[in-house]
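Chains, contacts and geometry: an overview
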Amino acid sequence: MTAIPRDHGDLGDFRDLERLEQHKVSSVVANQLKREITMATTATATEKPEKKQQQMQPKSEHKLQRARHDDKFKIFCGTANEVLTEEICAFLNMERAKATVTRFKDGECYVQVLENVRGADVFVVQPTCFPVDEHLMELLLLVDALKRASARRITTVIPYYGYARQDRKDKPRVPVSSKLIADLLTTAGAHRALVVDLHAPQIQGFFNIPVDHLFASPVLVDHFRKMQLPNLTVVSPDAGGVERARFFAKKIDAALAIVDKRRTDMNVAEVMHVIGDVKGRTCLIIDDIIDTAGTLVKTAEALMSAGAAKVYACASHPVLSGEAIERISESRLEQVVVTNTIPLTGKADAEPKIKVLSIAGLLGRAIQSIHEETSVSTLFA
């Protein structure tokens, strides 16, 4: 059989040409796709920061509002210590809730809550400092207004609990005023109380509602640790404050001394003698309240007479009534450290011997723990 010759028009050649054309077309398509991908990548790279910025903006706004865009968590205050309340709100990254607290011309207090609090967990910050009765009445009316506005829970945050020194019948026919105040708060509608450094811890038992009792000592201890005072002795100005002074001395690893005091009349104290060795040492007087500063100044004099090198003082509540500022200014005290449970007057604020520490963080953490139903016990020490 004779083989048939194959020329350029053979079918196999056509297939070869077809494959060649397909290869060329594929190369063109591939190159075009590469160019499109490159352009898309470049455009995406330039658009990314813009898109990222657009996405980030609402997130950051959300983050600022998220902390406390909780409509069921609100902090109110009266007129007693608005600065402290603002510091607490700043610590918690939230806005202070709105309420009107004013007075009529005859002196009556008028309160109006300006926000919906139905079902909310509400905190009212109000120390009952001077003028004590006015601030106490503001607190009671705020609590009553919130109760009638259907707040789910009302916690009274009382950095300074007025009438705390009238906690027992020490004379015939006198009231137990601190018990009466506790009853008034409960009757007004408070569900729980948050207090700082009660004059007597047993005052908690006067309440028929839960009480969280905080101490300002963590703030004060931290301050004096940083000062690193040499040969330090912690001094209690009376027998009643020994437990407080012992706790403080243990925290900063210092010695302990006591000043025996005999009170002759109301707001008048006579210092008798020092129990403990203070000669050549730096003394730190610890108390819960500085009222007229009579006890404080006489204690400092007794310590200096006993040979103390320097005398410092600290207290949680700077009541500073009467001639307290003048006494401190003219005393041999090096420095008096207090907290802002009570706002200082302009005169006290200008006194160089007085230094104020803020407890806003301490109260803020306690408020947050109560709201979130977590333990507050870590803040007690």
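Because the structure is predicted, anything quoted here is derived from the model rather than measured.

1. A few points about the side chain of Thr-339
In this structure, Thr-339 sits in strand S13 (residues 335–339). By relative accessible area, Thr-339 is classed as buried at 0%. A distance of 2.5 Å separates the side chain of Thr-339 from the backbone oxygen of Ser-316, its partner in a polar contact. Not counting the four nearest positions on each side in its chain, Thr-339 is found in contact with Ala-216, Leu-220, Ala-315, Ser-316, Pro-318, Val-356, Leu-357 and Ile-359.

2. Structural notes on the environment of Ala-302
With respect to the helices and strands, Ala-302 occurs in helix H7 (residues 294–305). For Ala-302, a relative accessible area of 16% puts it in the buried group. Once the C-alpha coordinates of Ala-302 and Val-259 are considered, the two residues, 43 residues apart in sequence, prove to be 8.1 Å apart.

3. Re the nonpolar core
Val-117, Val-122, Leu-146, Tyr-161, Leu-185, Ile-203 and Phe-207 are the most contacted members of the largest nonpolar core, which has 35 residues in total. If sequence neighbours within four positions are ignored, Ile-203 has contacts with Tyr-161, Ala-164, Asp-167, Ser-178 and Leu-198. Core analysis: the second largest hydrophobic core is formed by 27 residues, Cys-283, Ala-300, Val-336 and Val-338 among them.

4. As for the confidence of the model for the protein chain
Looking at the protein chain, the pLDDT average stands at 86 and 79% of residues meet or exceed 70. Here residues 1–12 is modelled with pLDDT under 50, and outside its nearest four sequence neighbours on either side it reaches four contacts, counting other chains as well. Here residues 41–67 is modelled with pLDDT under 50, and outside its nearest four sequence neighbours on either side it reaches four contacts, counting other chains as well.

5. Quick word on helix H10 (residues 360–371)
Note that an α-helix has 3.6 residues per turn; residues three or four places apart therefore point the same way. Taking 1.5 Å per residue, twelve residues should reach 16 Å; H10 reaches 16 Å between its end C-alpha atoms and fits that length. In terms of burial, H10 is a largely internal element, ten of the twelve residues being buried. All of the buried residues along H10 are Ala-360, Gly-361, Leu-362, Leu-363, Gly-364, Ala-366, Ile-367, Ser-369, Ile-370 and His-371. Looking at the buried positions of H10, the neighbouring elements they touch are strand S1 (73–77), helix H2 (82–91), strand S4 (121–125), strand S5 (153–158), strand S6 (192–196) and strand S7 (211–214). Just past H10, the residue Glu-373 takes up positive phi, approximately 60°.

6. Side note on the pairing of S6
Of all five residues that make up S6, five are buried, and the element is covered over most of its length. On S6, burial covers both faces: Arg-192, Leu-194 and Val-196 on one face and Ala-193 and Val-195 on the other are all buried. Handedness of the S5-helix H4 (residues 177–188)-S6 crossover: right-handed. Bridging between S6 and S7 involves four bridges; their strand directions are parallel.

7. A few points about unusual backbone geometry
At the junction of Phe-130 and Pro-131, the peptide bond is cis and its omega measures out at -10° in the coordinates. In this fold, Pro-131 is placed in the loop between S4 and helix H3 (132–148).

8. A look at empty space enclosed by the protein
It is a probe the size of a water molecule, rolled over the atoms, that shows where empty space is left. Inspection of the entire model under this criterion finds one cavity of 30 Å³ or more. In this structure, the largest cavity spans a volume of roughly 30 Å³. Along the walls of the largest cavity sit Tyr-160, Tyr-161, Ala-164, Val-196, Asp-197, Leu-198, His-199, Ile-289 and His-317, which together make up its complete lining. Within the lining of the largest cavity, the residues separate by chemical class into six nonpolar, two polar and one charged.

9. Re the packing of H3 against H4
Angle between the axes and distance between the axes: these two values describe a pair of packed helices. At a closest axis distance of 8 Å, the pairing of H3 and H4 adopts a crossing angle of 25°. Regarding the angle of H3 to H4, the classification is roughly parallel. The residues of H4 that touch H3, namely those facing Leu-136, Leu-139, Leu-140, Val-143, Asp-144 and Lys-147, are Ile-181, Leu-184, Leu-185, Thr-187 and Ala-188. Split by residue class, the contact of H3 with H4 holds eight nonpolar, one polar and two charged.

Reading guide: rules and limits
- Residues numbered from 1 in each chain as written.
- Predicted model: local features only at pLDDT ≥ 70, side-chain atom pairs only at ≥ 80, totals over all residues.
- Heavy atoms only, no water.
- Helix = DSSP H or I, 4+ residues; strand = E, 2+ residues; numbered from the N terminus.
- Buried < 20%, exposed > 50% of the residue type's maximum accessible area, 1.4 Å probe, protein only.
- Polar contact = N/O pair within 3.5 Å; in protein donor to acceptor, adjacent residues only side chain to side chain.
- Contact = heavy atoms within 4.5 Å.
- Core = buried A, V, L, I, M, F, W, Y, C linked by side-chain atoms within 4.5 Å.
- pLDDT = per-residue confidence, 0-100.
- Expected span 1.5 Å × (residues − 1).
- Right-handed = clockwise from strand over helix to strand, strands pointing away.
- Pairing = 2+ DSSP bridges.
- 1 Å grid on protein atoms, 1.4 Å probe; cavity = no way out; pocket = protein on both sides within 12 Å on 5 of 7 lines; lining within 4 Å.
- Points joined across faces, edges and corners; volume = space filled by probe spheres on them.
- Nonpolar A, V, L, I, M, F, W, Y, C, P; charged D, E, K, R; others polar.
- Axes fitted to C-alpha atoms, helices over the stretch in contact; angles between N-to-C directions.
- Parallel < 35°, antiparallel > 145°, perpendicular 65-115°, else oblique.

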